[in-house]
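Below, each chain spelled out in residue letters.
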Amino acid sequence: MAETVSCRSEKQASRLGGRDVLAALVGILPARYDSSRFPGKPLIPLLGKPMILHTYDQACKATTLDAVVVATDDERIASVCRAHGAQVVMTRPDCPNGTERCEEAVQALGKQYDIVINIQGDEPLIDPGTIDAVVTALQDSPDAVYSTAATPLATDEVALRQRVKVATDAQGYAIYFSRGVLPHNKDGVVRSYPAPWTEKPYLLHLGLQCYDRAFLSKYCKMPATPLMAMEDLEQLKVLENGYKMKVVEVSHSAHGVDVPEDVASIERLLTAQASAVGAVAVAVRQA
């Protein structure tokens, strides 16, 4: 256990929560080549660097993780990641979703992990602080088996089907997820919440899922559920089976790559991010 403590920050090691703060944590990046909307997406170059490597490098900056692993069924992806120094686990090509790919990868690792974080490989700008916040949310919620993140969603994007929305209760536990407008209203239009909640935002679900290890194994054995099938959202199976899911709200915006048209905007954001980091570095050297 001392080895686990050594790779954590002092802040985390001294935290008190509902779960063991010194538990072993692994971040898994599921990455398949045959995406129906964007084949070969993990290897698409962003400023000359494959997208999966941008995501991997961001995940490695999280202070809560003991290991970051790429789980793929494609040797092209595996070769690129290994050349970058990433640990890779090969998984079967017929995994139905990223959650089951994570479970297969953790089993193959042959090491006992207590918490597993599913980090979608198409989030090259994923904020390491958001990863840490989701881990902390699960550690501090012993009645939950799963945690995830959400961020305020711009009103003009609420109706977009590719934006998954989440509604939470007063304690921050998930009530429902939907690709449709959530919450909806009797007029069928996107509008602000009524008074006195006019400042309350619609929430966009971020592609980050943190599981209790024992629950992850159980989840993958559960049969599909009606709402999960209707919405095509695997997290609904958790709620339909009566389990609690903690949602942490963060200010970090989601900048995932869903379709080829997203590449140009992501590259602009990466360029702006690199310029900002460079400006800070220059200022520090001149100080």
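All chains use their own residue numbering, which begins from 1 and follows the written sequence. In keeping with the predicted nature of the model, local features appear solely for residues at pLDDT of at least 70, side-chain atom pairs appear and are counted solely at 80 or more, and the whole-chain, interface and lining totals rest on all residues. Just so you know, side-chain values use all the structure's heavy atoms and leave hydrogens and water out.

Looking at an unreviewed UniProt entry, one finds the chain named 3-deoxy-manno-octulosonate cytidylyltransferase, with Auxenochlorella protothecoides as its source organism. UniProt, in the comment section headed Subcellular location (unreviewed entry), describes the chain in these words: "Membrane". UniProt positions are given in the numbering used here, feature names are shortened, and annotations may be inferred rather than shown by experiment.

The next subject is the pairing of strand β11 (residues 245-249). Partly exposed residues are those whose accessible area sits between 20% and 50% of the maximum for their type, while under 20% is buried and over 50% is exposed, using a 1.4 Å probe and protein chains only. Numbering of helices and strands runs from the N terminus, with a helix taken as a DSSP run of H or I at least four residues long and a strand as a DSSP run of E at least two residues long. Among the five residues in β11, four count as buried, and that is most of the element. When strand β7 (residues 146-153) meets β11, the two strands line up parallel, connected through five bridges. Bridging across to β11, T148 finds its partner in V247. Any two strands are treated as partners once DSSP identifies two or more bridges connecting them.

All right, on to the environment of G180 then. Note on placement: G180 falls in the loop between β9 (174-178) and β10 (202-212). The exposure class of G180 is buried, given its relative accessible area of 12%. The spacing of G180 and Q162 is 18 residues in sequence and 8.9 Å in space, taken between C-alpha atoms. Any two residues whose heavy atoms approach within 4.5 Å are treated as being in contact. Other than its neighbours up to four places away in sequence, G180 contacts V158, R161, K165 and E231.

Now for the packing of aromatic side chains. A pair of Phe, Tyr and Trp rings is counted when the ring centres sit within 6.5 Å of each other, with Trp represented by its six-membered ring. The angle between the planes then sorts it: under 30 degrees is stacked, over 60 is edge-to-face, the rest tilted. Following the criterion strictly, the structure yields four aromatic pairs and no others. With centroids separated by 5.3 Å and ring planes inclined at 90 degrees, the aromatic side chains of Y146 and Y211 adopt a geometry described as edge-to-face. On the criterion of sequence distance, the pair formed by Y146 in strand β7 and Y211 in strand β10 is long-range, its members being 65 residues apart. Here Y146 matches Y211 in class, with each residue buried. Between the aromatic rings of F215 and Y219, the centroid separation amounts to 6.1 Å while the plane-to-plane angle is 55 degrees, which identifies the pairing as tilted.

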